[in-house]
There are 2 protein chains.
Amino acid sequence: MPPNDPTPSVRDSLLDEATRRFAAQGFGGTSLQVIADGVGIRKASLLYHFPSKDALRDAVLERLLARWNALLPGLLLAASEGGAPRRDRFARVMEALTSFFLEDADRARVLLREILDRPDAFRALLARHVRPWIVIVAEQLEAAKADGAVHEDADPEAYAVQVLHLVVGGIAVMDATSALLDAPPERARARFEVELMRIVRAAIFRPQERNTKKIRQAGVRR
Amino acid sequence: MPPNDPTPSVRDSLLDEATRRFAAQGFGGTSLQVIADGVGIRKASLLYHFPSKDALRDAVLERLLARWNALLPGLLLAASEGGAPRRDRFARVMEALTSFFLEDADRARVLLREILDRPDAFRALLARHVRPWIVIVAEQLEAAKADGAVHEDADPEAYAVQVLHLVVGGIAVMDATSALLDAPPERARARFEVELMRIVRAAIFRPQERNTKKIRQAGVRR
DNA sequence: CCTACCGATCGGTAGG
DNA sequence: CCTACCGATCGGTAGG
């Protein structure tokens, strides 16, 4: 799959359009007709590429998860890089996570809707694609309790799940919730991101001592 | 409206059933037929009580927000109770918030779906029913920075919005995400709740001093 | 709250 | 990838 194919296949266009529509109006609220119209083909032609509406949904999810999985090796490396301080490693994983969904908020919306629409079906998918990450992160945080970097009363596994939801769900509904802030949309969004990272960090790491090095003035600016 | 009417009106039954269906399959994924079937009347009869599907949705949301608003006076009182320590007041507000949605997770699901389905329409609603609360909480937290109870680099307004999402969204998808924890469902749910409260607290309040006047360890902030 | 009915649209098929 | 078409279901109306 060349990432920058100048002439995307009809199949890819259909997946793009379906993703947008499913994200915006949901699976039940989207008809095959509007997806076909959006790509400029007949509905019957859509059903040539995907034998049913369910098959189309599966393909949308499959592609989304494939892109997510493509990110994992790099993430795993960043997370377990022995040299870097724990906080930096953690920040790098968090940044990769957030940027994946900020890059295209429809990814977050499709996943969130899937959880709501088919919680049972999604459980299996979560167990396969997400659980391993929860375990790795939780182990690292649990180990970090020993040298006092992490709050002792934290439940690292539950914490990791909450953070995941905070990022994915937060980005999915960001357009609406950022209106709750007394600031223009652009600024609201920025404050949202900064505060998200602050919460995530403050909730797990204990305050750092200042004497050794005077680095770390908070905030992962990019 | 008597709260414990032994024979609920058809109208109420329709609202109950619609809420359940909208929460589970979404507005677009729910037909008037299944709602009518669920209550044991004809679809045409449903349309006698609610002139259109849109009107039914509006009524579902209206009732939900009315119940939410009924909670507010007590909440406001708990939040501004001058005598109690700030942390206790905060905890009381948080508990009222979470218990409202834990009492019936469909409330959280309907709201979350509404944000996804109609972000623009929901913005106005958020501004009216939720913004005032954000402002009050944010003001209290901002003031609390002065006596060192709250992290100075926190953005109280953005924090309050994130917490709101953490609670509402978290409860909406709890069934699916609790499967990510290595524990039986009941236990997973409990850990979820406990860790949620810990995160919310640790993210905003600075660690409490153990003996009254020992303020050294954090050093001079900023 | 019912029976009876409407046009429009739904997901999907036949056949090329 | 198209034209042509299907039965089923959609939200909604008429009239009682």
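Structure's up top.
Here the structure is a predicted model, which means the values were calculated and not measured. (Residues numbered from 1 in each chain as written. Chains lettered and ligands numbered in written order. Predicted model: local features only at pLDDT ≥ 70, side-chain atom pairs only at ≥ 80, totals over all residues. Heavy atoms only, no water.)

What follows concerns the side chain of R107(B). Residues and elements named next belong to chain B. When you line up the elements, R107 lands in helix α6 (residues 105-117). Look at R107 and you get buried, because its relative accessible area is 11%. Leaving out residues up to four positions away in the same chain, R107 has contacts with L64, R67, F100 and F101. (Helix = DSSP H or I, 4+ residues; strand = E, 2+ residues; numbered from the N terminus. Buried < 20%, exposed > 50% of the residue type's maximum accessible area, 1.4 Å probe, protein only. Contact = heavy atoms within 4.5 Å.)

This paragraph deals with the protein's contact with DNA strand D. Near DNA strand D there are 16 residues, and of these V10(A), R42(A), S45(A), K43(B) and K53(B) occur at the shortest range. A share of 54% is what sugar and phosphate atoms reach among the atoms of DNA strand D within 4 Å of the protein. At 3.5 Å from a phosphate oxygen of DNA strand D is found a main-chain nitrogen or oxygen belonging to T30(B). Contacts to DNA strand D include S31(B), whose side-chain N or O atom sits 3.0 Å from a phosphate oxygen. Where the surface near DNA strand D is concerned, the elements lending two or more residues are α3 (43-49) of chain A together with α2 (32-39) and α3 (43-49) of chain B. For the surface near DNA strand D, the leading source of residues is α3(A), giving four residues. When grouped by side-chain class, the residues that make up the surface near DNA strand D number seven nonpolar, six polar and three charged. (Near = heavy atom within 4 Å. Polar contact = N/O pair within 3.5 Å; in protein donor to acceptor, adjacent residues only side chain to side chain. Nonpolar A, V, L, I, M, F, W, Y, C, P; charged D, E, K, R; others polar.)

With that settled, consider the interface of chain B and chain A. Residue-level contacts link 51 residues of chain B with 51 residues of chain A. Here chain B meets chain A over a buried area of about 4700 Å², counting both sides, of which 64% is carbon and sulfur. The largest share of the area that chain B buries against chain A comes from L116(B), Q162(B) and L180(B), three residues that together contribute 16% of it. There are six salt bridges connecting chain B and chain A. A salt bridge links E157(A) to R191(B), with the shortest nitrogen-to-oxygen separation between them at 3.0 Å. Connecting chain B to chain A are 22 residue pairs in polar contact (both at pLDDT 80 or more). Breaking the side of chain B that touches chain A down by element, the ones donating at least two residues are α1 (10-25), α6, α7 (119-129), α8 (131-144), α9 (156-172), α10 (174-177) and α11 (185-204) of chain B. Tallied by class, the residues present in the side of chain B that touches chain A amount to 28 nonpolar, 10 polar and 13 charged. (Buried area = accessible area lost by both parts, 1.4 Å probe. Salt bridge = Lys/Arg side-chain N within 4 Å of Asp/Glu carboxyl O.)

What follows concerns the environment of R109(B). If you trace the backbone, R109(B) turns up in helix α6. The exposure class assigned to R109(B) is buried, which follows from its relative accessible area of 15%. Separated by 85 residues in the primary sequence, R109(B) and A24(B) place their C-alpha atoms 7.7 Å from one another. In this structure, R109(B) is in contact with L116(A), A23(B), I171(B), A172(B) and D175(B), ignoring residues within four places of it in sequence. Only 2.9 Å separates the side chain of R109(B) from the backbone oxygen of A172(B), close enough to count as a polar contact. At 3.2 Å, the side chain of R109(B) and the side chain of D175(B) are in polar contact.

Turning our attention to the packing of helix α11 (residues 185-202) of chain A against α11(B). One can describe the packing of α11(A) onto α11(B) by two numbers: an axis separation of 8 Å at closest approach and a directional angle of 110°. As summarised for this structure, α11(A) and α11(B) are arranged roughly perpendicular, according to the angle between their axes. Each of R198(A), I199(A) and A202(A) in α11(A) lies in contact with α11(B), whose residues at this interface are A202(B), A203(B) and I204(B). When the residues that make up the contact of α11(A) with α11(B) are grouped by side-chain class, the tally is five nonpolar, no polar and one charged. (Axes fitted to C-alpha atoms, helices over the stretch in contact; angles between N-to-C directions. Parallel < 35°, antiparallel > 145°, perpendicular 65-115°, else oblique.)

Before going further, it helps to examine the environment of E193(A). Residues and elements named next belong to chain A. Relative to the assigned elements, E193 resides in helix α11. Classification of E193 by relative accessible area gives partly exposed; the value is 22%. For the pair E193 and R86, spaced 107 residues apart in sequence, the C-alpha separation works out to 21 Å.

Take the relation of the copies chain B and chain A next. Between chain B and chain A, the superposition needs a rotation of 180° and an axial shift of 0.0 Å, giving an RMSD of 0.0 Å. Such a combination of turn and shift is consistent with a two-fold rotation axis. Looking at the interface residues of chain B, 96% of them are also at the interface in chain A, so both copies use one shared face. (Least-squares fit on C-alpha atoms with pLDDT ≥ 70 in both.)

All names here are of chain A. Turning to helix α2 (residues 32-39), its buried residues are L32, I35 and A36. Along α2, the residues classed as buried sweep out an arc of 95° about the axis, all on the same side. Each element contacted by the buried residues of α2 is listed here: α1 (10-25), α3 and α4 (53-80). Looking at the residues trailing α2, positive phi occurs at G40, about 85°. (Arc of directions from axis to C-beta.)

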